[in-house]
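Examining the three-dimensional arrangement
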Amino acid sequence: MGKALSLSKSVNNPRGKVSLSSSLKKGILGLIFVVTISFLISTYFIVDKEQKNYAYRESESVIKTLSSNIFSDIRKYKELSRIIMTEDRLVRFLRADEQSVDIGMINDARYGVMDVINVTEGVDCVMIFREDMIMVATNRFTYKYDYDLMNSDAWRKDIYDGKGSTIVSLNSNNVAAKLDNRPLVTIGRAIYDIDSQERNGLMLMNISTGVFEKMLAQLGYKDICIIGDDGTFLAGNSDYARLFDPALLTGGISFTDVRIDNEKMLLSCSRVSDYPIVVMKVSPYGTEGIPFRIVYILLVLLLIFMAMASFVGGFIRRNITDPVLKLSASMDKNIRSGDLEKIDVDMPSTELEMLKGDYNSLIDHVNELIDTLIDKEKTLQRAEMRVLQEQIKPHFLYNSIETIGFMALDAGAGNVHDALETLGSFYRNFLSKGDREIPLSREVWIVKDYLALQKLRYGDIINDEYDIAEDTLQIVVPKLILQPLVENSIYHGIRQKGENGTIRISSRKIGDELHLYVRDTGVGMSQEEIRDILSTENNENRSEADSFGLWGTIQRIRIFEGRDDIVRIESEIGEYTQIEFIIGVSAQAYL
């Protein structure tokens, strides 16, 4: 033990830090302390949670029961509204011409409606509006009407949008209110003629909130408040209405804690179906649901844990800590030597021997990765060199200079100056100060200069088009990924076809990917040629005729992206060839 600690201090702790054994002892004591505190906190939260769960379940049961009863009652009133629409006297009133409607017909219609609703409790008033706004209303004189709103379309829109289905709202859609300002639940629906199916009226049925008061009394609920979704008190305990917050309407039953008279209580809230009616329940937290048996079991487990922690601490120090210190010292020595070499230290157990073996395997794997990275870097450099060699060809320079010479003879020094400037611009962007990666805008510039030089040689046989998306111009790409594709389009596409051709270059940013397209109207490629170009196998014997520039560019992008599926080639013999590159875009890929 002393030897291991000494080795640890001299190798891992040059400043005299505490040993792992000492830290282990403190850790065990700290663990016991933390577990004890955690036990107390957990017990508190378990008890609190169980109390809440009990209150939640009890509140949920009450709210679901009450909501179901309200839903059933409203459905009953909906059916009643359907029966009213078929009452003969009301149908005659709705079908009659405006000139033939008189007070007698209106009273007959009202009596017909009253005959229907008199057998049902809770209906305070039924209002029937014809399309010309002639109205029939029961219990009319206990209401005050907003005639300005009544003559507008705003209050009727949601009902007409229902296409004959019932729409539940509050307080007569605001066109009428009780003289005593009592709130009401309103069932509205558009009325359609049974025979012609044309709309000929609108119905508002107001339900008294006394229905809800009676329901609460029958169920014996005193901690319930029924309100509208706009905060209007409808029935129950009015003191709870102030607790309503529209944010509580989350689609199901929501729960939140509130304080009433300095006592913490549970507020449960739920909308009744899709109606503008909200049921709220306030429940106190009691001792019901506290799991005393679970608390006692946890206490016993805590005592057992303390005993086991002490035993495990001693076992770890004797069988793990000291051997690990020895293994760590050997690893540290290896690190300080600067070489990734295997270690050779005897371990007292099979598990630690496996750890040593895993470390040695890791060293071998790291060395292999380093060799692989070096090989990939060499491959990338060779690919870039081959691309450069493909571009800086003597025959290209000779042909360009010869063309410029002919222009000097035929057109004078002005065209020579323009040609030389284009050639200089191409090589300045081509070399790019040695950068491996450049903005897409500069890459497109290189292609434009290159095609300008090629047009000097081939004349009007080459047309070029560009569709570069604005949001892709500053995306960083590997240098010279478009020019080899354009050169391939000229020499292996358009020129071999023997007629005018078009090269179109496009770019799009789709999600986190940059898509580059080079399309030519050349001779096209066979599937065998496409498979050969997309092959990942290097062929040092590829010549210009084999499109090495295209293959080498694909390999460069594969290395740059770290994956193979970065290119798609579409072609039809004699028609076109389109090459698409897919390059990942990140926040660091912009200049």
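Residues numbered from 1 in each chain as written. Predicted model: local features only at pLDDT ≥ 70, side-chain atom pairs only at ≥ 80, totals over all residues. Heavy atoms only, no water.

1. Some words on the overall build of the chain
Each helix and strand in the chain was counted, giving 15 helices and 19 strands. Within the chain, the proportion of its 591 residues that are buried is 44%. Put simply, of all contacts in the chain between residues at least 6 apart along the chain, 65% involve residues at least 24 apart. Surface accessibility of the chain: about 31800 Å² in total, with carbon and sulfur atoms responsible for 54%. (Helix = DSSP H or I, 4+ residues; strand = E, 2+ residues; numbered from the N terminus. Buried < 20%, exposed > 50% of the residue type's maximum accessible area, 1.4 Å probe, protein only. Contact = heavy atoms within 4.5 Å. Areas by Shrake-Rupley, 256 points an atom, 1.4 Å probe, with all protein chains shown as cover.)

2. Quick word on unusual backbone geometry
Positive phi outside glycine occurs at asparagine 171, with the angle close to 55 degrees. Tracing the sequence through the fold places asparagine 171 in the loop between strand S4 (167-170) and strand S5 (176-178).

3. Regarding the packing of aromatic side chains
For the structure shown, the criterion picks out 6 aromatic pairs. Their ring planes at 15 degrees and their centres at 5.8 Å tell us that phenylalanine 71 and tyrosine 275 sit as a pair that is stacked. Linking phenylalanine 71 in helix H2 (residues 20-85) with tyrosine 275 in the loop between strand S11 (263-271) and strand S12 (277-284), this pair joins segments that are 204 residues apart in sequence. Overall, the relative accessible area of 4% leaves tyrosine 275 in the buried class. Connected via pairs of aromatic rings, a cluster forms that spans Tyr143, Tyr145 and Tyr147. Here the basic side chain of arginine 140 rests over the ring of tyrosine 145, its NZ or CZ set 5.9 Å away from the ring centre. (Phe/Tyr/Trp six-rings, centres within 6.5 Å; stacked < 30°, edge-to-face > 60°. Lys NZ or Arg CZ within 6 Å of the ring centre and 35° of its normal.)

4. Regarding the nonpolar core
In terms of nonpolar packing, the biggest core is built from 43 residues, with Ile70, Ile84, Val126, Met205, Ile226 and Ile277 touching the most fellow members. The greatest single-element share of this core, amounting to 9 residues, is contributed by H2. Apart from the residues within four sequence positions on either side, isoleucine 226 is in contact with Leu66, Ile70, Phe212, Leu216, Phe233, Leu234, Ala235, Ile277 and Val278. In terms of nonpolar packing, the next biggest core, distinct from the first, is built from 35 residues, Val477, Leu485, Ile503 and Ile505 among them. (Core = buried A, V, L, I, M, F, W, Y, C linked by side-chain atoms within 4.5 Å.)

5. Quick notes on the side chain of glutamine 555
Secondary-structure assignment places glutamine 555 in helix H15 (residues 548-561). Assessed through its relative accessible area of 15%, glutamine 555 is described here as buried. In this view, glutamine 555 contacts Ser535 and Thr536; residues no more than four positions away in its chain are not counted.

6. So, the confidence of the model for the chain
On average, residues of the chain carry a pLDDT of 81, and 80% of them reach 70 or more. Contacts of residues 1-12 to residues separated by more than four positions or lying in other chains number 20 contacts, the stretch itself having pLDDT below 50. (pLDDT = per-residue confidence, 0-100.)

7. Some points on the sheet that holds strand S8 (residues 224-228)
The 5 strands are arranged S9-S8-S12-S11-S10 in an open sheet whose pairing can be described as antiparallel. Each edge of the open sheet is held by one strand with a lone partner, namely strand S9 (233-236) and strand S10 (254-260). Between one strand axis and the next, the sheet turns by 25 degrees as a mean value, whatever way the strands run. Note: S11 against S12, 7 bridges, orientation antiparallel. Bridged to leucine 266 within S12 is serine 283. Contacts from helix H7 (residues 210-219) reach S8, S9 and S12 within the one sheet, and its direction differs from that of S9 by about 25 degrees. (Pairing = 2+ DSSP bridges. Axes fitted to C-alpha atoms, helices over the stretch in contact; angles between N-to-C directions.)

8. Re the sheet that holds strand S1 (residues 123-130)
Ordered by their spatial adjacency, 5 strands build an open sheet running S2-S1-S7-S6-S4, and the pairing between neighbours is antiparallel. Lying at the two open borders of the sheet, with one neighbouring strand each, are strand S2 (135-137) and S4. Direction aside, neighbouring strands of the sheet carry axes that sit 20 degrees apart on average.

9. Here's the deal with H7
Every buried residue of H7 is listed here: Val211, Phe212, Met215 and Leu216. Buried residues in H7, looked at end-on, bunch into an arc of 135 degrees, giving them a common side. For H7, the exposed residues lying more than 90 degrees away from the buried face are Ala217 and Gln218. In the stretch just after H7, glycine 220 is the one whose phi turns positive, near 75 degrees. (Arc of directions from axis to C-beta.)

10. Examining the pattern of salt bridges
Two side chains carrying opposite charge are able to pair once their charged atoms lie near each other. Using the criterion set out here, one finds 25 salt bridges in the structure. For aspartate 180, the salt bridge identified is with arginine 182, shortest N-O distance 2.7 Å. Relative accessible area serves as the criterion here: at 41%, arginine 182 is assigned to the partly exposed category. For the salt bridge of arginine 271 with aspartate 229, the shortest nitrogen-to-oxygen distance reads 3.1 Å. (Salt bridge = Lys/Arg side-chain N within 4 Å of Asp/Glu carboxyl O.)

11. Section: the side chain of arginine 189
Structurally, the position occupied by arginine 189 is in strand S6 (residues 184-192). Summary of buried charges: arginine 189 has no salt-bridge partner, and the nearest side chain of opposite charge, glutamate 79, is 6.8 Å away. From its side chain, arginine 189 meets the backbone oxygen of lysine 78 in a polar contact 3.4 Å long. At 3.1 Å, the side chain of arginine 189 and the backbone oxygen of glycine 164 are in polar contact. Ignoring any residue separated from it by four or fewer positions in sequence, one finds arginine 189 in contact with Lys78, Ser81, Arg82, Met85, Ile159, Gly164, Ser165, Thr166, Leu202 and Met203. (Lys, Arg positive; Asp, Glu negative; His and termini not counted. Polar contact = N/O pair within 3.5 Å; in protein donor to acceptor, adjacent residues only side chain to side chain.)

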